[in-house]
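This is what each chain is made of:
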Amino acid sequence: MSTTSADLPTETLGVVAHGAGDLRVESVPLRRPAASEAVVEIAYGGVCGSDLHYWTHGAAGESILRAPMLLGHEVAGTVLRQADDGTGPAAGTRVTVHPATPGGNVPRYPAGRPNLSPGCTYLGSAAQFPHTDGAFTRYAVLPARMLRALPDGLPLRTAAVAEPAAVAWHAVARAGDIAGASALVVGSGPIGALVVSVLRLAGADAITAVDVHDYPLTIARQLGATATLKADATDAIAAVDADIVFECTGNRHGLESAIRGATRGARVRRAGVAALAFTVASAVLSTGMQAGTARTREARPDKTEPVKEVPKNA
Ligand SMILES: NC(=O)c1ccc[n+]([C@@H]2O[C@H](COP(=O)([O-])OP(=O)(O)OC[C@H]3O[C@@H](n4cnc5c(N)ncnc54)[C@H](O)[C@@H]3O)[C@@H](O)[C@H]2O)c1
Ligand SMILES: [Zn+2]
C-alpha cells in the first residue's frame with residue numbers, strides 16, 4: 001500500500017472542543033506530513049477523563065482551552081502512509097500511539113524521565129499554547145516516533161486502551177514492590193479499573209476498590225478487586241489500612257479517602273488530575289506517608305503543605 005501526498009485528502013472529520021459544553025464533529029484541514037511524519041487511518045479512540053473535562057468544563061486541571069482543539073490521545077489505527085524519511089512502521093501496519101512529546105532543551109527534570117520535562121506536549125492537550133491537536137480524526141498526521149506496532153491478533157478496539165493502560169502500569173511501577181501488599185484504589189473509572197488489573201498482575205495480596213457508583217465497582221471486581229466499597233463508607237475505607245493507595249478520581253474527596261485508607265508509612269500515589277489547591281493536615285502527613293505520583297510532587301512529611309498539581313504526564 002502506498003499513498004502519495006497528492007492522494008491524501010485535504011480535510012478530515014474530527015472531534016473538536018470549542019469550549020465548555022461545546023463539542024463539534026466537523027471537517028478540519030489535514031496538514032501535509034513533514035518528512036518524519038506518517039499518516040494513520042484512525043480506527044478507534046478511547047474517551048479519557050481529560051477529554052470529558054475539556055468537553056464539560058473547557059479545561060482539564062490547569063490546562064484551559066483558549067482556542068478550539070481536536071480531542072483524543074487514546075487511539076489505534078492503520079498506517080496509511082509511512083514517513084518519507086523511512087522511519088517508523090510501514091504502510092499497512094496496525095499501530096497505537098504514544099501521545100507525548102518531551103519538551104526541548106530544558107535543564108530541570110529528572111534524568112531518564114523526559115515526560116516530566118517542562119514544555120512536554122500531549123496530543124489533545126491544552127497544557128501549552130498553541131494547543132496540541134489530538135487524533136479523534138478519520139486521518140491523523142503523526143510523528144513516526146509516536147507509532148507503536150501492535151502484536152498480531154490484538155484487536156484495534158482493544159489496542160485503543162494501550163495509553164490508559166500505560167498510565168496504570170506507570171503508576172503501579174512507581175509505587176515500588178507490590179507483591180503481597182494490600183492496595184486501595186479510590187475511583188474505579190477506566191484508570192482505576194486498569195490500576196486494579198495491573199495490581200493483580202503485580203501480585204497484590206488484597207485489592208479494595210472504591211467508587212461512588214455500583215457499575216464501576218462491578219468492573220473492578222471482574223478485573224481483580226478482592227473487595228469493593230462505596231465512597232461514603234468512610235469508616236470501612238479507614239479500616240482498609242492499605243500499604244499502597246492509588247487516587248484515581250481527580251477530586252479532593254477521592255484524595256481524602258486515599259489518605260484515610262492509608263496505613264502509617266503507606267505509599268500514596270495520585271493518578272487523578274484536577275485543579276486542586278488545599279491543605280493537607282500535618283497530623284496526617286506526619287504519619288510518614290509518601291504522597292506523590294506520576295503527576296504530582298512528593299508531599300513533605302514534616303509540615304502542613306498545600307497540594308498542587310504539576311504539569312501532566314509523569
Ligand atoms: N496521571 C495520568 O497520566 C492520567 C491519565 C489519564 C487520566 N488521568 C486522570 O485520572 C482521573 C481518572 O481518570 P478516568 O478516565 O478513570 O476518569 P473517570 O471520571 O471516568 O473515572 C473516575 C471515577 O471516580 C469515581 N469517583 C468520583 N468521585 C469519587 C470519590 N470521591 N470516591 C470514589 N470514587 C469517586 C467516579 O464515579 C468514576 O467512576 C482523572 O482525573 C483523569 O484526568 C490521569
Ligand atoms: Zn488519557
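As a reminder, the structure under discussion sits directly above these lines.
Criteria and cut-off values
Residues numbered from 1 in each chain as written. Chains lettered and ligands numbered in written order. Predicted model: local features only at pLDDT ≥ 70, side-chain atom pairs only at ≥ 80, totals over all residues. Helix = DSSP H or I, 4+ residues; strand = E, 2+ residues; numbered from the N terminus. Buried ≥ 20, exposed ≤ 12 C-beta atoms within 10 Å, placed from the backbone. Contact = placed C-beta atoms within 7 Å. Near = placed C-beta within 6 Å. Nonpolar A, V, L, I, M, F, W, Y, C, P; charged D, E, K, R; others polar. Domains from an automatic or database assignment. Core = buried A, V, L, I, M, F, W, Y, C linked by C-beta atoms within 7 Å. Pairing = 2+ DSSP bridges. Axes fitted to C-alpha atoms, helices over the stretch in contact; angles between N-to-C directions. Parallel < 35°, antiparallel > 145°, perpendicular 65-115°, else oblique. Left-handed = near helix turned anticlockwise from the far one by under 90°.

A. Structural view of the overall build of the protein chain. If you tally the helices and strands in the protein chain, you get eight helices and 19 strands. The buried share among the 314 residues of the protein chain stands at 46%. Pairs at least 24 residues apart make up 61% of the contacts formed inside the protein chain by residues separated by at least 6 positions.

B. Structural detail: the site of ligand 1. Residues in contact with ligand 1 amount to 31 residues; listed here are only the nearest, G49, G187, G189, A231 and G250. Mapped by element, the contributors of at least two residues to the shell around ligand 1 are α1 (49–57), α3 (162–173), α4 (190–201), β14 (206–211) and α7 (252–260). Within the shell around ligand 1, the residues separate by chemical class into 15 nonpolar, 14 polar and two charged. Two domains share the shell around ligand 1, each providing at least three of its residues, namely domain 1 (5–160) and domain 2 (166–307).

C. Fine view of the nonpolar core. Ranked by internal contacts, the top residues of the largest apolar core, which has 41 residues, are A168, A183, V185, V195, V196, L199 and V245. With seven residues, α4 is the largest single contributor of residues to this core. Every residue in contact with A183, bar those within four places of it in the chain, is listed here: L199, A204, A206, I207, A242 and I244. Counting 37 residues, the second largest nonpolar core, distinct from the first, contains V40, V95, F136 and M146.

D. View of the environment of G272. Within the element layout of this structure, G272 appears in the loop between β17 (262–270) and β18 (278–280). For G272, a count of 28 C-beta atoms within 10 Å puts it in the buried group. With 21 residues separating them in the primary sequence, G272 and N251 have C-alpha atoms 7.3 Å apart.

E. Layout of the pairing of strand β11 (residues 139–143). In terms of burial, β11 is a largely internal element, four of the five residues being buried. For strand β3 (residues 37–46) and β11, the ladder comprises five bridges, and the chain directions are antiparallel. Note that in β11 the partner of V39 across the bridge is V141.

F. Seen up close, the sheet that holds strand β1 (residues 11–19). As summarised here, the arrangement of the three strands in space is β2-β1-β6, forming an open sheet in which the pairing is antiparallel. Bordering the open sheet on either side are β2 (22–29) and β6 (69–70), each of which pairs with just one other strand. Note: β1 against β6, two bridges, orientation antiparallel. Counterpart to A17 in the pairing with β6 is M69.

G. Representation of the sheet that holds strand β13 (residues 182–186) in the model. Taken in spatial order, the five strands make up an open sheet running β15-β14-β13-β16-β17, and their pairing is parallel. The open sheet is flanked by β15 (227–230) and β17, the only strands paired with a single partner. The average undirected angle you get between the axes of adjacent strands in this sheet is 20°. As paired elements, β14 and β15 share four bridges and run parallel to each other. Residue pairing across strands places T208 opposite A227, the latter belonging to β15.

H. Geometry of the pairing of strand β7 (residues 74–81). Among the eight residues in β7, six count as buried, and that is most of the element. Of the pairings in the sheet, the one linking β3 to β7 comprises seven bridges and is antiparallel in character. Residue pairing across strands places V39 opposite R81, the latter belonging to β7.

I. Geometry of the packing of α4 against helix α5 (residues 214–223). Contact geometry of α4 with α5 gives a least axis separation of 9 Å together with a crossing angle of 20°. Between α4 and α5, the angle is such that the two are roughly parallel. Where α4 crosses over α5, the two elements pack in a sense that is right-handed. In contact with G192, A193, V196, S197 and R200 of α4, α5 contributes P216, I219, A220 and L223. Here the residues of the contact of α4 with α5 are counted per class, giving six nonpolar, two polar and one charged.

J. Looking closely at the packing of α3 against α4. It is at 8 Å that the axes of α3 and α4 come closest, and there the two elements cross at 55°. With respect to each other, α3 and α4 are oriented oblique. Considering only the axes of α3 and α4, their crossing is right-handed. Taking contact as the criterion, the partners of P164, A165, V167, A168, W169, A171 and V172 in α3 are, on α4, P190, I191, L194, V195, S197, V198 and L199. For the contact of α3 with α4, the class distribution of residues is 13 nonpolar, one polar and no charged.

Such coordinate-based values are descriptive only and should not be taken to indicate function.
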